[in-house]
Amino acid sequence: MDFLQLLSWACIVFTVGMFSTGLTDLKKMWESKSADNIQFLPFLTTCLNNLGWLYYGILKRDQTIVLVNIIGALLQILYIFVYFHYTKQKRLVTSQTLAAGTVLTVGWFYFTTFLPEGEARLSQLGLTCSVVTVSMYLSPLTDLVEIVRSGNVKCLSFPLTVATLFTSTSWVLYGLQLKDNYIVVPNTPGIFTSLIRFYLFWRFASVNQSSPSYKPMHI
């Protein structure tokens with residue numbers, strides 16, 4: 001097994017593991033028969049992100065990207081269905097899902113109709129997916145600011161932070177091997193945000209000694 005194959009397996013294992021952290025929320029909803037205190041949008045945006053990268057993987061003919069995002073999209077769809085079953089805000093969830101579906105449809109129509117096949121379509125799709133992924137990695141920074149103010153890390157998940165660090169690092173190394181900046185650039189912020197979270201765990205460990213609770217995945 002060469003280094004690229006090793007990185008490929010690392011990307012698959014770590015990324016699927018990160019996506020699987022949502023099973024904690026799934027179990028919580030199942031046991032409580034409620035979706036209270038569970039955030040819906042992270043599931044929806046992650047699903048859209050998975051589908052975008054799935055299309056990129058298909059165009060690039062990269063089996064690693066395709067496999068990871070098929071699994072990721074299926075897991076997010078499962079979370080979405082369970083959330084919809086237990087939530088009391090079905091109208092809001094339906095409207096958000098329809099809006100996401102509209103965005104996905106318009107995006108697919110644009111890329112397949114107005115962009116020629118080949119490098120131009122692949123490049124624009126890679127850029128779009130990169131921007132979305134970077135925004136998802138950076139979106140929790142407002143929460144980190146609040147943690148610094150309060151000194152309470154209960155809303156952070158240590159296992160998810162570890163999974164994000166390993167996932168981001170493996171994808172950056174994989175992208176460097178392929179010389180694909182659309183893989184390298186969007187995953188680099190994941191490394192930095194994970195290191196910031198590790199620092200917060202260390203800095204405020206004495207404030208809260210209890211095990212951190214799970215927080216829905218933003219990335």
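Every value quoted in this text rests on a predicted model; they were computed, and no experiment measured them.

1. Quick notes on the environment of Leu 178
Link 1 in the chain: Of note, Leu 178 is situated in helix H8 (residues 158–178).
Link 2 in the chain: Overall, Leu 178 belongs to the partly exposed group, its relative accessible area being 29%.
Link 3 in the chain: Remark: the alpha-carbon pair of Leu 178 and Asn 69, spanning 109 residues in sequence, is separated by 18 Å.
Link 4 in the chain: The residues contacting Leu 178, other than those within four sequence positions of it, are Leu 4, Lys 60, Asp 62 and Ile 183.

2. Concerning the UniProt feature "transmembrane region" (unreviewed entry) in the protein chain
Link 1 in the chain: Per the UniProt record, the feature "transmembrane region" (unreviewed entry) sits at residues 6–26, 38–58, 64–86, 98–116, 156–176 and 182–202.
Link 2 in the chain: Regarding residues 156–176, the helix share stands at 90% and the strand share at 0%, and the terminal C-alpha atoms are separated by 30 Å.

3. Overview of the nonpolar core
Link 1 in the chain: One finds Met 29, Tyr 83 and Trp 171 to be the most contacted residues of the largest nonpolar core, which totals 36 residues.
Link 2 in the chain: Mapped by element, the contributors of at least two residues to this core are helix H1 (3–19), helix H2 (23–32), helix H3 (41–60), helix H4 (63–86), helix H5 (90–113), helix H6 (119–138) and H8.
Link 3 in the chain: With residues up to four places along the chain from it excluded, the contact list for Met 29 reads Ser 34, Ala 35, Ile 38, Tyr 79, Val 82, Tyr 83 and Tyr 86.
Link 4 in the chain: Among the nonpolar cores identified, the runner-up in size contains seven residues, and Leu 144, Val 153, Leu 156 and Phe 204 belong to it.

4. Considerations on unusual backbone geometry
Link 1 in the chain: Here Asn 37, not a glycine, exhibits a phi torsion of approximately 65 degrees, which is positive.
Link 2 in the chain: Topologically, Asn 37 is positioned in the loop between H2 and H3.
Link 3 in the chain: With relative accessibility at 80%, the residue Asn 37 sits in the exposed group.
Link 4 in the chain: In this model, Arg 61 sits at a positive phi of 60 degrees, which is unusual for a non-glycine residue.
Link 5 in the chain: Within the secondary structure, Arg 61 is located in the loop between H3 and H4.

What counts and what doesn't
- Residues numbered from 1 in each chain as written.
- Predicted model: local features only at pLDDT ≥ 70, side-chain atom pairs only at ≥ 80, totals over all residues.
- Heavy atoms only, no water.
- Helix = DSSP H or I, 4+ residues; strand = E, 2+ residues; numbered from the N terminus.
- Buried < 20%, exposed > 50% of the residue type's maximum accessible area, 1.4 Å probe, protein only.
- Contact = heavy atoms within 4.5 Å.
- UniProt positions renumbered as here; feature names shortened; annotations may be inferred.
- Core = buried A, V, L, I, M, F, W, Y, C linked by side-chain atoms within 4.5 Å.

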